[in-house]
Structure formats: structure tokens, C-alpha cells
Amino acid sequence: MGDKYGLGRVRCHVVSESNAANTSEPVRLARSTLDAGDKDLRAVADHAFQVNGNTQEALRLAIALGVRLDGAGPGSGRTERLFDTLATVAAADLTVARVVEAHLDALSILEQAAESGSGIHVESGNGRTWGVFAAEGRGTRLEARQTESGWRLDGVKPWCSLAGALSHALVTAHTSETTRRLFAVDLRVPGITVSDGSWVARGLASLPSGPVDFRGVPAVPVGADGWYLDRPGFAWGGIGVAACWWGGAVGVARRVYREAGERTPDQVSLAHLGAIDMLLTASGQALAAAASAIDDGTATGTLGAVRAARVRGIVARTAEQVIERAGHALGPEPLAFDARHAQRVADLQLYIRQHHAERDEARLGALLLDGARGVSPW
């Protein structure tokens with residue numbers, strides 16, 4: 001891997017006003033200022049900004065962060081630090097965040113599986129790059145069957161981000177009509193066909209998420225049937241994605257803040273800036289509270305699912321409103337002439353569509369009714 005992303009060995013610096021357009025500041029969920037222990041976070045911000053959408057560089061940074069944050073997954077006692085890192089990367093470059101989040105999530109899942117008592121161990125390091133392919137789609141189905149030589153996967157899996165560039169992935173597959181299981185797969189073996197040609201997105205354009213065809217592909221089971229969805233970490237991983245959305249919204253908001261500081265703002269500009277601050281502050285606090293709940297053990301079961309649904313909904317709505325407010329405050333100029341801002345807006349608009357809007361709100365409503373047993377949740 002070399003020293004390029006050896007984060008413990010880099011020379012860190014504080015971003016100055018003169019180079020603010022060429023680098024990025026770190027992000028903290030709960031505190032607006034950085035303390036003396038945050039030099040590494042500054043290095044992460046700088047490196048993520050330098051990647052500038054380059055997929056291979058994003059993968060290198062993901063590997064480095066996986067090593068750096070080893071043992072710091074959700075529930076480790078350092079969940080807020082993990083979310084700070086994800087938000088910092090996202091504020092700098094959402095392509096990097098999308099790659100890093102999936103890689104770190106996969107490492108956390110493998111660690112949780114090893115700690116579950118199942119006896120399953122999957123080698124995750126040595127330069128491996130990981131994705132998590134767990135989406136389902138109409139007209140596609142991936143099935144797992146057990147043979148004398150081990151498990152094999154057959155069928156099509158949709159929404160496999162960067163499958164052609166990753167070395168490994170955690171993939172969910174049907175083991176019966178009613179059950180699914182998680183499997184670890186080496187994406188470099190024969191029998192895998194990646195279809196990227198249908199990816200026409202303008203946001204996250206360098207991260208094709210097309211379908212992958214599996215034909216007799218060997219796979220290693222990770223956990224029992226249903227374990228992937230039933231483990232507490234499933235909800236925690238979803239909150240980690242929301243930390244990326246929040247960081248992306250911070251990146252958009254910084255453009256508004258910089259514009260206001262470069263000229264005398266009128267009342268409308270100040271109103272947009274104030275509204276953006278309230279949105280980001282409230283959702284950042286929700287993420288920080290979720291991190292604390294994960295670490296103190298109160299974000300499990302229905303409580304964990306409710307918290308994840310709330311936080312994801314709050315942050316997704318924040319991101320949508322920050323994009324709208326920024327558009328009103330800035331007008332068309334940065335969307336037309338500021339490449340980094342225009343790309344960040346396009347990336348964030350697509351990324352937050354992982355939140356299913358009213359459908360996820362309806363799911364939250366159902367969780368509240370099922371879990372409250374007649375007691376008001378507020």
C-alpha cells in the first residue's frame with residue numbers, strides 16, 4: 001500500500017483561508033471545534049478531497065482506513081469516532097464515502113460474525129477490498145445451494161456497486177423460498193459476470209451499481225439463515241450510511257457559508273444560512289446520540305430499529321432541504337461553473353435515494369405501533 005495513505009505517518013496541517021478551495025476540513029457530529037487528538041481526522045479529510053472521484057484511489061484509502069479503524073466498528077465504544085470519519089470523508093468527496101462506508105461495513109459484519117460464536121472466520125485483510133450486496137430487485141433472484149464441495153451461488157444480484165473493481169463482497173442469497181443467508185465471495189473467480197453498461201447516473205458516476213450474474217460461484221456462509229438481518233449491527237450499519245449523507249450535506253452547506261463570507265449577505269442569504277445550520281445541527285446531534293446508544297447497548301432489537309429509522313429519515317430530509325436551500329441561496333452559478341460543488345450535489349441526490357422516502361416513513365410508523373403496545377412514543 002505504501003505511505004500515500006499510511007494515515008499515521010502523514011504530515012497533517014490546518015486548512016487556511018487561502019487554500020480552503022483546494023482541501024477540506026474535518027467534521028465532528030457533536031462538537032464544532034477539533035481537539036488536539038484530531039490530526040488523523042484532518043489527514044483523512046485532506047486525502048479524501050485529493051481523491052476527487054478516482055475509484056482506485058478511493059479503494060486505497062478504504063483499505064488504509066480499514067486498518068486504521070480496526071476494532072472501531074459500531075458498538076466498539078468508538079462509534080462516534082467512526083461516524084465522524086465517515087462524515088468527514090463524505091464532506092470531502094461522496095464517491096470516496098460510498099466506497100469507504102461499504103468496505104468498513106463489511107469489515108464490521110465479518111467481525112460481528114466472528115464474535116457471534118458461529119466459529120466462522122473469513123480473512124478480510126491483506127489488501128482485500130469489500131462491498132456489501134444485499135439489495136433485492138424485481139425479476140432477479142440469487143440462490144445458494146450446498147454441494148459436496150461447498151456452497152455455490154447461482155442467479156442475478158442487482159445493485160452491486162463497483163463489483164468489477166472490488167476483490168471481495170458480502171452477498172445475500174436465498175437458501176429457500178423464505179430464508180436468506182449472507183455469504184463471502186471472491187469476485188475474481190470464474191463464473192461472475194458484471195454488467196456495468198446500464199449505469200447512466202450523473203451522480204456517483206464512477207461507481208457503477210449494475211447487476212452481477214453468478215454461475216456456480218463458490219461462497220463461504222457468514223452466519224446462519226437470517227443472521228445478517230437479525231443482528232443488531234444491521235440497524236447500526238444503516239446509521240453509518242446516514243452519517244455519510246450528513247457529511248455530504250455539510251459539504252454542500254460549506255459552499256453556502258463560503259459564499260456568504262465572500263460578500264455582504266442580504267437577509268435572504270442569512271436566512272438560508274441560519275436554516276441550514278439548524279438542520280445540520282439537529283441531525284448531527286441525532287447521529288451523535290445514536291452513536292452513544294449503540295455503544296451503551298440500548299440500540300438493539302425494536303429500539304435499535306426505531307432509532308435507525310428515525311435517524312435515517314431525519315438526515316435524509318436534512319440533506320434534501322440543504323440541497324434546496326443551497327440552490328436558492330447560491331443560484332445557478334456554482335452548479336454550472338464549480339465542478340466540485342456540482343458533482344457533490346449530484347452525488348448526494350442519488351446517494352440519499354437509498355432512503356426510501358415515504359416507504360421508510362411507513363415502516364417507522366409500523367415499528368412504533370408494534371413496539372409501543374398502546375403507549376405513545378413521544
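Given the structure is predicted, the values throughout are model-derived calculations rather than measurements.

Student: Which residues make up helix 1 (residues 39–51), and what values go with them?
Tutor: The end-to-end C-alpha distance of helix 1, which contains 13 residues, comes to 19 Å, matching closely the 18 Å that a straight helix rising 1.5 Å per residue would cover. Counting buried residues in helix 1 gives ten out of 13 residues, a clear majority hidden from the surface. The complete set of buried residues in helix 1 reads Leu-41, Arg-42, Ala-43, Val-44, Ala-45, Asp-46, His-47, Ala-48, Phe-49 and Val-51. Those residues of helix 1 that are buried are in contact with helix 2 (55–68), helix 3 (79–92), helix 4 (94–115) and helix 10 (339–351). Downstream of helix 1 by a residue or two, Asn-52 has a phi angle that is positive, lying close to 50°.

Student: Let's hear about the side chain of Arg-98: which residues, and what values?
Tutor: Mapped onto the fold, Arg-98 is located in helix 4. Although buried, Arg-98 forms no salt bridge, and the nearest oppositely charged side chain, Glu-101, lies 4.1 Å from it. In contact with Arg-98, other than residues within four places in its own chain, are Ser-161, Leu-207, Tyr-351 and Gln-354.

Student: Tell me about the state of the cysteines, residues and numbers included.
Tutor: Enumeration according to the criterion identifies zero disulfides in this entry. Not part of a disulfide, Cys-160 finds its nearest cysteine sulfur in Cys-244, a span of 19 Å. Here Cys-160 falls in the buried class, since its relative accessible area comes to 0%. Residue Cys-244 is classed as buried on the basis of its relative accessible area of 0%.

Student: Please provide a residue-by-residue account of the environment of Thr-298, values included.
Tutor: Residue placement: Thr-298 occurs in the loop between helix 7 (267–296) and helix 8 (301–330). At 2.6 Å, the side chain of Thr-298 and the side chain of Asp-296 are in polar contact.

Student: Requested: an account of the nonpolar core, with residues and values cited.
Tutor: Of all hydrophobic cores here, the largest spans 101 residues; its most connected members are Phe-83, Leu-153, Leu-170, Val-185, Val-222, Trp-246 and Leu-287. In terms of residues, this core owes the most to one element, helix 6 (residues 233–262), which gives 14 residues. The contacts of Val-185, once residues within four sequence positions are left out, are Leu-153, Ser-167, His-168, Ala-169, Val-171, Ile-192, Phe-214, Val-217, Pro-218 and Ala-219. One finds Ala-305, Leu-364, Leu-367 and Leu-368 within the second-largest nonpolar core, a separate group that totals six residues.

Student: Describe the packing of aromatic side chains, naming the residues involved and giving the relevant values.
Tutor: Going through the model one piece at a time under the given rule, you end up with three aromatic pairs. Pairing Trp-159 with Trp-199 gives two aromatic rings, centres 6.4 Å apart and planes at 90°, and the pair type is edge-to-face. Of this pair, Trp-159 sits in the loop between strand 3 (150–157) and strand 4 (168–174) while Trp-199 sits in the loop between strand 6 (192–194) and strand 7 (212–222), and the two are 40 residues apart along the sequence. Stacked on the ring of Trp-227, the Lys or Arg Arg-231 has its end atom at 5.6 Å from the ring centre. Over the aromatic face of Phe-49 sits the side chain of Arg-340, whose NZ or CZ is 3.8 Å from the ring centroid.

Student: Break down the pattern of salt bridges for me, citing the residues and quoting the values.
Tutor: All chains considered together, the criterion is met by 20 salt bridges. Its salt-bridge partner being Asp-213, residue Arg-215 comes within 3.2 Å of it at the nearest N-O pair. Salt-bridge contacts for Arg-258 lead to Glu-262; the nearest nitrogen and oxygen are separated by 3.8 Å. One end of the pair, Arg-258, and the other, Glu-262, are both in helix 6, four residues apart, so they sit about a helical turn from each other.

Student: Tell me about the environment of Glu-320, residues and numbers included.
Tutor: Its location among the elements puts Glu-320 in helix 8. By relative accessible area, which is 36% here, Glu-320 ends up partly exposed. The sequence separation of Glu-320 and Gln-349 amounts to 29 residues, and the corresponding C-alpha distance is 7.5 Å. Once residues within four sequence positions are removed from consideration, Glu-320 is found in contact with Ile-352 and Arg-353. Engagement of the side chain of Glu-320 in a polar contact is seen with the side chain of Arg-353, the distance being 3.1 Å.

Student: Could you give an account of the packing of helix 6 against helix 8, naming the residues involved and the relevant values?
Tutor: With their axes 9 Å apart at the nearest point, helix 6 and helix 8 run at an angle of 20° to one another. When the axis of helix 6 is compared with that of helix 8, the two are roughly parallel. The crossing of helix 6 and helix 8 is left-handed. When its residues are assigned to classes, the contact of helix 6 with helix 8 shows 20 nonpolar, two polar and three charged.

Student: Help me get a handle on the side chain of Ser-167, residues and values and all.
Tutor: For Ser-167, the position within the fold is in the loop between strand 3 and strand 4. A distance of 2.8 Å separates a polar side-chain atom of Ser-167 from the backbone nitrogen of Thr-129. Excluding residues within four positions of it along the chain, Ser-167 makes contact with Arg-128, Thr-129, Val-185, Asp-186, Leu-187 and Arg-188.

Student: How would you summarise helix 4 if you had to cite specific residues and measurements?
Tutor: When the terminal C-alpha atoms of helix 4 are compared, their 31 Å separation across 22 residues agrees well with the 32 Å that a helix rising 1.5 Å per residue should span. With a side-chain oxygen positioned 2.9 Å from the backbone nitrogen of Thr-95, the residue opening helix 4 is Asp-93. Positive backbone phi, approximately 85°, marks Gly-117, located one or two places after helix 4.

Conventions and cut-offs
Residues numbered from 1 in each chain as written. Predicted model: local features only at pLDDT ≥ 70, side-chain atom pairs only at ≥ 80, totals over all residues. Heavy atoms only, no water. Helix = DSSP H or I, 4+ residues; strand = E, 2+ residues; numbered from the N terminus. Expected span 1.5 Å × (residues − 1). Buried < 20%, exposed > 50% of the residue type's maximum accessible area, 1.4 Å probe, protein only. Contact = heavy atoms within 4.5 Å. Lys, Arg positive; Asp, Glu negative; His and termini not counted. Salt bridge = Lys/Arg side-chain N within 4 Å of Asp/Glu carboxyl O. Disulfide = S-S within 2.5 Å. Polar contact = N/O pair within 3.5 Å; in protein donor to acceptor, adjacent residues only side chain to side chain. Core = buried A, V, L, I, M, F, W, Y, C linked by side-chain atoms within 4.5 Å. Phe/Tyr/Trp six-rings, centres within 6.5 Å; stacked < 30°, edge-to-face > 60°. Lys NZ or Arg CZ within 6 Å of the ring centre and 35° of its normal. Axes fitted to C-alpha atoms, helices over the stretch in contact; angles between N-to-C directions. Parallel < 35°, antiparallel > 145°, perpendicular 65-115°, else oblique. Left-handed = near helix turned anticlockwise from the far one by under 90°. Nonpolar A, V, L, I, M, F, W, Y, C, P; charged D, E, K, R; others polar.

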